[in-house]
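Summary of the model geometry
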Amino acid sequence: AGPSIPLFYNLYRDRCLEFDEIFAWEGLKQDQEKWWGPVPEFLKPKINFYNFFIEENSLKESIKGEKEPPKASVLRKILETATEDDFVILKVDIDGGPELEVVEAIANRPELSRLVDEIFFEYHFDYDGIFFGWAENIKRPLKNKNVDDAIGLLHRLRAAGVRSHFWI
């Protein structure tokens, strides 16, 4: 996450959009100097960095939204901190984590899709056994999910008003 923050910051700054806050998670223990190293000094005060794995309810529960999300939930953080007036961008690349729970919930729940403007999503699907160099620590590759499922999800996000892109 640390290395991609300047990339996203510059991408949007070049379009006259400045971030007020950045929330970043890394599940695996990070060397703090290495993680923060590529981040410019002026940007560091805007970053809320969480060095623990996120947790979400099951896919079905996340989509329904009837059960309160765990404390370490991205969905919970969005609901607690974002407003419809904010410009919210998500980069979702949770190798082995609940990425589908997060993105499907946003696609299916208007109270979330109204808060999220843009998503960059690395959808870890099964493609004829090819792993595309995705991290070895992916504990739950999305078996029975394929490129059509990935495109369909991005289509549903766009239909819900969320600009959606693949991230690789």
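Here's a quick rundown of the structure. Being a predicted model, the structure only gives us computed values, none of them experimental.

For the chain, the helix and strand inventory stands at seven helices and five strands. Counting from the amino terminus, helix and strand elements in the chain follow one another as α-β-α-β-α-α-β-α-α-β-α-β. When the 168 residues of the chain are sorted by exposure, 41% land in the buried category. Partitioning the intrachain contacts of the chain with sequence separation of at least 6 by distance along the chain shows that 67% fall at a separation of at least 24.

Where like charges cluster on the molecular surface, the negative patch consists of E18, D20, E21, D85 and D86. As for its position among the elements, E21 is in the loop between α1 (4-13) and β1 (22-25).

To continue, consider the pattern of salt bridges. All chains considered together, the criterion is met by eight salt bridges. Measuring nitrogen to oxygen at the nearest pair gives 2.8 Å for the salt bridge that ties E104 to R156. On the criterion of sequence distance, the pair formed by E104 in helix α5 (residues 99-108) and R156 in helix α7 (residues 147-159) is long-range, its members being 52 residues apart. On the basis of relative accessibility, which here comes to 10%, the residue E104 falls in the buried class. Among the ionic pairs, E111 bridges to R109, the shortest N-O distance being 2.7 Å. For R109, a relative accessible area of 8% puts it in the buried group. Several salt bridges share partner residues, and in doing so they unite E68, R76 and E80 into one network.

The subject of this paragraph is the environment of R163. Position of R163 among the secondary structure elements: in strand β5 (residues 163-166). The exposed category is assigned to R163, whose relative accessible area is 51%. When the C-alpha atoms of R163 and F120 are compared, they prove to be 8.6 Å apart, with 43 residues separating the residues in sequence. Not counting chain neighbours up to four residues away, the residues in contact with R163 comprise D117, E118 and I119.

For the rest of this paragraph, the subject is helix α4 (residues 74-81). Buried within α4 are the following residues: V74, L75, R76 and I78. Looking at the buried side of α4, the elements it contacts are β1, α3 (59-64), β3 (89-92), α5 and α6 (110-113). The backbone nitrogen of L75 has a side-chain oxygen 3.1 Å away, supplied by the residue at the start of α4, namely S73.

In this section: the sheet that holds β3. Strand order across the open sheet formed by three strands is β3-β4-β5, with parallel pairing between neighbours. Among the strands making up the open sheet, the edge pair consists of β3 and β5. Between one strand axis and the next, the sheet turns by 15 degrees as a mean value, whatever way the strands run. In terms of strand pairing, strand β4 (residues 118-121) meets β5 through four bridges, oriented parallel. Bridge pairing in β5 places F120 opposite H165.

Next up on the list: α7. In a regular helix each residue adds 1.5 Å, so 13 residues correspond to 18 Å; α7 covers 18 Å between its end C-alpha atoms and thus fits that length. Buried within α7 are the following residues: A150, L153, L154 and L157. Around the axis of α7, the buried residues are gathered within 95 degrees of arc, so they sit on the same side. Along α7, exposed side chains directed more than 90 degrees from the buried face belong to D148, H155 and A159. Where α7 is buried, its residues meet α5, β4 and β5. Looking one or two residues beyond α7, the residue adopting positive phi is G161, at roughly 95 degrees.

The rules we used
Numbering of residues starts from 1 in each chain and follows the order in which that chain's sequence is written. Where local features are concerned, this predicted model is filtered to residues with pLDDT of at least 70; where side-chain atom pairs are given and counted, the filter is 80 or more; whole-chain, interface and lining totals use all residues. Side-chain numbers come from the whole structure's heavy atoms, not from hydrogens or water. Numbering of helices and strands runs from the N terminus, with a helix taken as a DSSP run of H or I at least four residues long and a strand as a DSSP run of E at least two residues long. Exposed residues in this analysis have more than 50% of their type's maximum accessible area, buried residues have under 20%, and partly exposed residues fall in between, with area computed by a 1.4 Å probe over protein chains only. The criterion used for residue contact is that any of the two residues' heavy atoms lie within 4.5 Å. Residues form patches when they are more than 30% accessible in relative terms and have no salt bridge. Like charges link within 9 Å. Nonpolar side chains (Val, Leu, Ile, Met, Phe, Trp, Tyr) link within 5 Å. The Shrake-Rupley method, run with a 1.4 Å probe, gives the accessible areas here. Residue values count only the displayed protein chains as cover. In what follows, salt bridge is the name for a side-chain nitrogen of Lys or Arg lying within 4 Å of a carboxyl oxygen of Asp or Glu. In this tally, Asp and Glu contribute negative charge and Lys and Arg positive charge; neither His nor the terminal groups of the chain are included. A charged residue contributes its charge at one atom only: NZ of Lys, CZ of Arg, CG of Asp or CD of Glu. Pairing of N or O atoms within 3.5 Å defines a polar contact, subject to two protein rules: one partner must be a possible hydrogen donor and the other a possible acceptor, and residues neighboring in sequence count only if both atoms are side-chain atoms. Here the rule is simple: two strands pair whenever DSSP picks up at least two bridges between them. Interaxial angle, 0 to 180 degrees, is taken between N-to-C directions of lines fitted to C-alpha atoms, where a helix line uses only the stretch in contact. Expected span of a helix, by definition, is 1.5 Å for each gap between consecutive residues, and there is one gap fewer than residues. Summarising the geometry, the arc corresponds to the directions from the helix axis toward the C-beta atoms.

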